[in-house]
Amino acid sequence: MKKPKLTARSAAAHLLDRVLGEGRLMSDLIAGGALDPLAPADRARAQRLASETLRGLARADRLLSRHLRKGPPLPVQNVLRLATVELAQGGESHGVVNDAVDIIGQSPRHANLKGLVNAVLRKVAEEAPRSWNDLRQPGLPDWLRGPLVEAWGKGAVTAMERAHFAGAALDITVKSDPQGWADRLGATLLPTGSLRRSDPGQVSALPGYAEGAWWVQDAAAALPVQVLAPQPGETVLDLCAAPGGKTLQLAAAGAEVTALDLSERRMARVAENLARTGLEATCRVEDARAHQGGPYDAILLDAPCSATGTIRRHPDLPHAKDGSDFGALITLQAEMLDHALTLLKPGGRLVFCTCSLLPDEGECQVEEALARHPGLTVDRAALAQPGIDPAWITEEGGLRLRPDYWADLGGMDGFYIACLRF
Ligand SMILES: C[S@@+](CC[C@H](N)C(=O)[O-])C[C@H]1O[C@@H](n2cnc3c(N)ncnc32)[C@H](O)[C@@H]1O
């Protein structure tokens, strides 16, 4: 039998099937080769289509429910959702509807639903563009909304949901000459020194990518290294380094970097990124809790976490996860922090950060570390960096970043950052 043709749209539909059907993360599916048969431009398009559909899922389901008496099987529902979001966003209706019908027609199990898909999408094509913006803003699932409302209040969480729905621009960290690269890339220079380009396009085709003049990194994710302020020649340990955005910043600052990560596959990405940018670091595949090198002048601990601060960029996360693994992550973060503190030179500093919106993975970790380690202090002065709003500084002396901050500039990832010293 002829293999169905993989297109950006059919690949996007498969991604949705696995995120929504199997609870898989899109980044894992892509790293596992899900988009490899596509050309680079189609890979970027498939990922964008799947992400947009996940952001608009609740609205798409609302519109579709008006024309479906009972829910079709998940793969059919996903093709309908994908097409609905494209139509709502001004996609050319003939092409969108025909492609959706073709995808279903190529599925032996669902080809009999071609007529239904065609009929439903013709109605949606008329309705979606005009009613889309009147539909309720999609919200977070209860398992995550509850703890966030408890931490930040209802109004803040609604603002975060607005930021999640709006998605994220392409943020870039440059090795040098930020204003020059902003001009060349048609990007804005943000107050903290990152560049922001509203149209992500195909990243690898942008000027400066191949020669390694810059790398993709959310503006919030660039701040932990600014807070650590690595100096030329200092020994710096980057625990949990992969895929390496912060390793590149440390190396670009002239530090002698040891970059470590548990995952061999993810560590290969660090090596690729170092090679592309012509920067240097000693790379190790190791459990952060077992590392015995040093002592180091400075340590960056970008600990594994719920990643709930990155939902603007990873709209699959609330659908693929349910919070059940967060307790184990919180324990792991505390173990890593305790071990990392033993690797510091006297007078050295450690930046602890997580891309999480949950205080248990940020503010509480630091409060508890201070209670466990007599003499440990929080270095508030380290937070005095360009573009950092003093209102973001927390009671215990860390920095709380949220997706609803910088609303007029297009938001930022959620992060928690604190600089600790004995
Ligand atoms: C938040 S990511 C790091 C992002 C990275 N710092 C960057 O800026 O690109 C967390 C990393 O922790 C790694 N990790 C998880 N458990 C680990 C452990 N026990 N020891 C070392 N690394 C671990 C994961 O493989 C993952 O790459």
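Each value, and the rule that gives it
Residues numbered from 1 in each chain as written. Predicted model: local features only at pLDDT ≥ 70, side-chain atom pairs only at ≥ 80, totals over all residues. Heavy atoms only, no water. Helix = DSSP H or I, 4+ residues; strand = E, 2+ residues; numbered from the N terminus. Polar contact = N/O pair within 3.5 Å; in protein donor to acceptor, adjacent residues only side chain to side chain. Contact = heavy atoms within 4.5 Å. Domains from an automatic or database assignment. Buried area = accessible area lost by both parts, 1.4 Å probe. Salt bridge = Lys/Arg side-chain N within 4 Å of Asp/Glu carboxyl O. Near = heavy atom within 4 Å. Areas by Shrake-Rupley, 256 points an atom, 1.4 Å probe, with all protein chains shown as cover. Nonpolar A, V, L, I, M, F, W, Y, C, P; charged D, E, K, R; others polar. UniProt positions renumbered as here; feature names shortened; annotations may be inferred. Axes fitted to C-alpha atoms, helices over the stretch in contact; angles between N-to-C directions. Parallel < 35°, antiparallel > 145°, perpendicular 65-115°, else oblique. Left-handed = near helix turned anticlockwise from the far one by under 90°.

Visitor: How should I be thinking about the side chain of T394 in this particular structure?
Guide: Its place among the elements puts T394 in the loop between β10 (377-378) and β11 (399-401). Of the polar contacts made by the side chain of T394, one reaches the side chain of E396; its length is 2.7 Å.

Visitor: Got a minute to help me understand the environment of A340 in this structure?
Guide: Its place among the elements puts A340 in helix α15 (residues 326-341). Expressed as a C-alpha distance, the spacing of A340 and L350, which sit 10 residues apart in the sequence, is 8.0 Å. Ignoring anything within four residues of it in the chain, the contact list for A340 reads L239, I299 and L350.

Visitor: Looking at this structure, I do not really get the domain arrangement of the protein chain. What am I missing?
Guide: It is common to report an interface's size as the accessible area lost on association of the parts. Domain boundaries assigned for the protein chain yield domain 1 (8-134) and domain 2 (218-421). Facing the 13 residues of domain 1 at the interface are 9 residues of domain 2. The three residues of domain 1 that bury the most area against domain 2 are L25, L54 and R55, which together make up 47% of that side's buried surface. One can count 0 salt bridges joining domain 1 with domain 2. Residue assignment for the side of domain 1 that touches domain 2 shows that the elements contributing at least two residues are α1 (8-22), α2 (26-31) and α3 (40-55).

Visitor: Honestly, the site of the ligand in this entry has me stumped. Any pointers?
Guide: Lining the immediate environment of the ligand, one finds 18 residues, of which K246, D261, R266, A288 and D302 sit closest. Between the ligand and P243 there is a distance of 3.3 Å, counted from an oxygen atom to a backbone nitrogen or oxygen. Here the ligand loses 87% of its free accessible area of 600 Å² to cover by the protein chains. Residues that form the shell around the ligand fall into these classes: 9 nonpolar, 3 polar and 6 charged.

Visitor: Quick question: what am I supposed to make of the UniProt feature "active site" (unreviewed entry) in the protein chain here?
Guide: Here the UniProt feature "active site" (unreviewed entry) sits at C355. Looking at the secondary structure, you find C355 in the loop between β9 (344-354) and α16 (363-372). Excluding residues that lie within four positions of it along the chain, C355 makes contacts with C305, A307, T308, G309, T310, G414 and F415.

Visitor: Just to check I follow, could you spell out the packing of helix α8 (residues 142-152) against helix α9 (residues 154-166) for this structure?
Guide: Any two packed helices are characterised by how steeply their axes cross, that is the angle between the axes, and by the distance between the axes. The geometry of α8 relative to α9 is characterised by a closest axis approach of 7 Å and an angle of 125° between their N-to-C directions. Relative to α9, the element α8 is oriented oblique. Seen along the crossing, α8 lies across α9 with a hand that is right-handed. Contacts between α8 and α9 involve R145, L148, V149 and W152 from the former and K154, A156, V157, T158, M160 and E161 from the latter. Here the residues of the contact of α8 with α9 sort into 6 nonpolar, 1 polar and 3 charged.

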